[in-house]
Amino acid sequence: MLKIWGRTNSINVQKVMWTVAELELPHERVDVGGQFGGLDTPAYGRMNPNRLIPVIEDDGAVIWESNVIVRYLAAKYGAGGLWPEDPAARAAADQWMDWHLTKVMPDLHPVFWGLVRTPPEQRSMTMIETAAERLARTFNLLDDHLADRTYMAGDHLTIGDIPVGAATYRYYALPIKRPALPYVEAWYGRLQERKAFHKHVMIPLT
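The residue count restarts for each chain, going from 1 along the sequence in the order it is written. Only residues with pLDDT of 70 or above have their local features reported here, since the model is predicted, and side-chain atom pairs are shown and tallied only from 80 upward, although totals for entire chains, interfaces and linings are computed over all residues. With hydrogens and water stripped out, all remaining heavy atoms of the structure feed into the side-chain values.

Draft legend 1. Representation of the environment of Met152 within the structure. Among the secondary structure elements, Met152 is positioned in the loop between helix 5 (125-145) and helix 6 (161-173). Taking the C-alpha atoms as reference, Met152 lies 15 Å from Arg194; in sequence the two are 42 residues apart. Helix and strand assignments come from DSSP, with helices taken as H or I runs of at least 4 residues and strands as E runs of at least 2, each series counted from the N terminus.

Here is the structure:
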């Protein structure tokens, strides 16, 4: 059976759990990281030398890095659905997964960490507000992309929606200024109708 290591309030674990739920895969999840600890054990270090979450084990394959896990699970269990079989369609999904890493997370992380994980008296509001302004510009690009698409790579949910969708939940959950994003909001509304997204991503930030 598929085994997953990671705590539920980690955005990287949420990406994997959302994927697992969409694919309806039998699995076992083990709480590690954060308040649960367990990342400093020799056994965990052998699975992931970076000592980060998530990690999965599937049929003897041990895999870390959340976007890689999403791709692996979709390729193995969701060909033609989450995993586009056409190379061009798959590249369209892939590029938005990488965009999430290079454009969204560098600014979402300091905003989230500053507002959720940092005591008010220790926050740098200048840093938070500057990163939020950059996020607004980034999400305007996403809005333009979604103007003529139902999902990130076309007319159905693919791997391209998973990382960006998880980040978008946090973007809307944080108390920051946001521009009007009609196409992002329409797409985000479609994600919220999915049971897997609602269960594994739309949970308290803390």
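Now that the structure is up, let's keep going.
Draft legend 2. The pattern of salt bridges, seen in detail. Any Lys or Arg side-chain nitrogen found within 4 Å of a carboxyl oxygen on Asp or Glu counts as a salt bridge. Under the counting rule described, the total for this entry stands at 8 salt bridges. A salt bridge links Glu22 to Arg194, with the shortest nitrogen-to-oxygen separation between them at 2.8 Å. Taken together, the residues Glu22 in helix 1 (residues 11-23) and Arg194 in the loop between helix 7 (182-192) and helix 8 (195-200) connect sequence positions 172 residues apart. We classify Glu22 as partly exposed; its relative accessible area is 22%. Measuring nitrogen to oxygen at the nearest pair gives 2.8 Å for the salt bridge that ties Arg149 to Asp148. Relative accessibility under 20% of the residue-type maximum defines a buried residue, over 50% an exposed one, and the middle range a partly exposed one, all with a 1.4 Å probe and only protein chains included. Taking relative accessible area as the criterion, Arg149 reaches 33% and is therefore assigned partly exposed. Residues participating in the shared-partner salt-bridge network are Asp58, Asp59 and Lys76.

Draft legend 3. Region of the structure containing the packing of helix 1 against helix 6. Look at helix 1 against helix 6: their axes get within 9 Å of each other, and the N-to-C directions meet at 130°. By the angle between their directions, the pair helix 1 and helix 6 is classed as oblique. Two packed elements cross with a definite hand, and for helix 1 against helix 6 that hand is right-handed. Residues Ile11, Gln14, Lys15, Trp18 and Thr19 of helix 1 form the contact with helix 6, whose own contacting residues are Asp161, Ile162, Pro163, Gly165, Ala166, Ala167 and Arg170. Tallied by class, the residues present in the contact of helix 1 with helix 6 amount to 6 nonpolar, 3 polar and 3 charged. Helix axes use the C-alpha atoms of the stretch in contact, all axes being lines fitted to C-alpha atoms, and the angles between their N-to-C directions lie in the range 0 to 180 degrees. Small angles under 35 degrees read as roughly parallel and large ones over 145 as roughly antiparallel, with 65 to 115 read as roughly perpendicular and the rest as oblique. Two helices crossing with the near one rotated counterclockwise from the far one by less than a right angle form a left-handed crossing, whereas a clockwise rotation gives a right-handed crossing. Note on contacts: a residue pair qualifies if any of its non-hydrogen atoms lie within 4.5 Å across the two residues. When residues are sorted by character, Ala, Val, Leu, Ile, Met, Phe, Trp, Tyr, Cys and Pro go into the nonpolar class, Asp, Glu, Lys and Arg into the charged class, and all the rest, Gly among them, into the polar class.

Draft legend 4. Broad picture of the sheet that holds strand 1 (residues 2-5). At least two bridges found by DSSP between two strands is the condition for calling them paired. What the 4 strands build is an open sheet, ordered 2-1-3-4; its pairing is mixed. Every interior strand has two partners, whereas the edge strands, strand 2 (27-30) and strand 4 (61-64), have only one. The mean angle between the axes of side-by-side strands here comes to 15°, regardless of whether they run parallel or antiparallel. Of the strand pairs in this sheet, strand 3 (residues 55-58) and strand 4 are connected by 4 bridges, and their pairing is antiparallel. When the sheet's bridge partners are listed, Ile56 is paired in strand 4 with Ile63. Against the sheet, helix 1 touches strand 1, strand 2 and strand 3, its axis set at about 155° to strand 1.

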